[in-house]
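The primary structure of each chain is shown beneath.
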Amino acid sequence: MDNKYDIAVVGSGPAGLSAAINGKIRNKRIIVFGSKELSNKVIKAPKVDNYLGFYGITGAEMKKQFKKHIDAMGIKITYERINAIYAMGDYYGLAVNEKIYEARTVILATGIEYTKPLRGEEEFLGKGVGYCATCDAPLYKGKIVTIIGYNKEAEEETNYVSELAEKVYYVPMYRGAYDLKRGNIEVVSDRPIEIQGKDRVTKVVLKEREIITDGVFVLKDSVAPNQLVPGLLVENDHIKVDLNMQTNLSGCFAAGDCTGKPYQYMRAAGQGQVAALNAVSYLDSLK
Ligand SMILES: Cc1cc2nc3c(=O)[nH]c(=O)nc-3n(C[C@H](O)[C@H](O)[C@H](O)COP(=O)(O)OP(=O)(O)OC[C@H]3O[C@@H](n4cnc5c(N)ncnc54)[C@H](O)[C@@H]3O)c2cc1C
């Protein structure tokens, strides 16, 4: 016996949780990565009429039910964001900053980002633009950083970056109170239009002003799947899967919005189940 998990589920929305409960029922050693809120898309739904058995439920209530379900089965969520997943032959390495988790199979249930990348975002990726502020923060010691945050979780990363950077501009893409701790963080309530530079990023152009900056972090709920998993086959921005939810990488499955439309809870949960059961068959075939 080694320390590897049987199944690593990346994402705690309906797809990931459904995969988790089915993996657990089949007695597999699972680990689930996600957030305390489970899924921002679940908690935001004002009223859901198409989730069988729960007519008229609110997203917030649905989250409570999901939580009750996983708690009853002893499933814990590991509150970490996976930055990269590497195929290592007969297992996968899932990287969170410097730490690596190992699992024989992976189920990608990361959801989808509705917003389009900013102009310049893809061009300057790796040249001043990044998606993981905590991983790259040391590069910006004593420098100026701009963080475009699409959710509350981005505030925590901003607080961390502000300990190293000289100045941090926080551009929130949502409304609410911001839990930002240090005086060197300036909140900029303006709409970002473009990231500009020459060989590297030099500024962010917003609707009303421009910010001179050494780096830009764009922090969304999820990143493009082929960026997360090098070598993963993606078609029209969605992970390509077969009817077993198998991707082009053996032992790597995907479920939910990240595999395509329609973006719906029941489809996500159903695909999570199919992915988990096929991951189980795959694991059993290795014996
Ligand atoms: C306002 C609103 C209302 C909606 N109403 C309905 C409705 O009435 N009926 C319906 O069927 N659908 C509805 N939807 C759509 C529904 O929310 C989605 O189809 C569903 O949430 C998809 O589930 P998922 O598990 O695929 O992804 P998500 O629910 O998006 O969950 C993905 C999870 O993965 C996590 N994650 C992503 N990347 C990483 C990473 N690298 N490491 C760790 N975790 C990661 C995210 O934080 C998140 O927790 C609505 C959506 C919105 C926004």
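Before any of the text, the structure's been laid out above.
Every chain is numbered on its own, with residues counted from 1 as its sequence reads. Restriction of local features to residues with pLDDT of at least 70 applies here, the model being predicted, together with a cutoff of 80 or more for giving and counting side-chain atom pairs; totals for whole chains, interfaces and linings are based on all residues. Excluded from the side-chain calculation are hydrogens and water; included are all heavy atoms of the structure.

Caption draft 1: Local environment of the pairing of strand E9 (residues 167-172). A 1.4 Å probe rolled over the protein chains alone gives each residue an accessible area, and that area as a share of the maximum for its type sets the label: buried under 20%, exposed over 50%, partly exposed in between. The way it works is that DSSP assigns letters per residue, a run of H or I at least four long becomes a helix, a run of E at least two long becomes a strand, and they are numbered from the N terminus. Most of E9 sits out of view: five of its six residues are buried. As paired strands, strand E8 (residues 144-149) and E9 are joined by six bridges and run parallel to one another. By the bridge assignment for E9, threonine 146 is matched with tyrosine 169. In this fold, the crossover linking E8 to E9 by way of helix H5 (residues 153-164) has right-handed handedness. A pair of strands counts as paired when DSSP detects no fewer than two bridges linking them. Pairing of E9 with strand E10 (residues 185-187), which is carried by three bridges, proceeds in the parallel orientation. Across the sheet, the residue bridging to tyrosine 170 is valine 187, located in E10. By the criterion used throughout, a crossover qualifies as right-handed when its path from the first strand across the helix to the second strand runs clockwise, the strands pointing away from the viewer.

Caption draft 2: Representation of the packing of aromatic side chains. Under the pairing criterion, centres of Phe, Tyr and Trp rings, with the six-membered ring standing for Trp, must be within 6.5 Å; the plane angle then separates stacked pairs below 30 degrees from edge-to-face pairs above 60, leaving the rest tilted. Under the definition given, this model contains nine aromatic pairs. On the basis of an interplanar angle of 70° and a centroid distance of 4.9 Å, the ring pair of phenylalanine 33 and tyrosine 101 is categorised as edge-to-face. With phenylalanine 33 in strand E2 (residues 30-33) and tyrosine 101 in strand E6 (residues 99-108), the pair connects residues that are 68 residues apart, well separated along the chain. The class of phenylalanine 33 is buried, set by a relative accessible area of 2%. According to the relative accessible area criterion, tyrosine 101 is buried, its value standing at 15%. On the basis of an interplanar angle of 70° and a centroid distance of 6.3 Å, the ring pair of tyrosine 170 and tyrosine 178 is categorised as edge-to-face. Through a chain of ring-to-ring contacts, three or more aromatic side chains come together here, namely Tyr51, Phe54, Phe66 and Tyr265.

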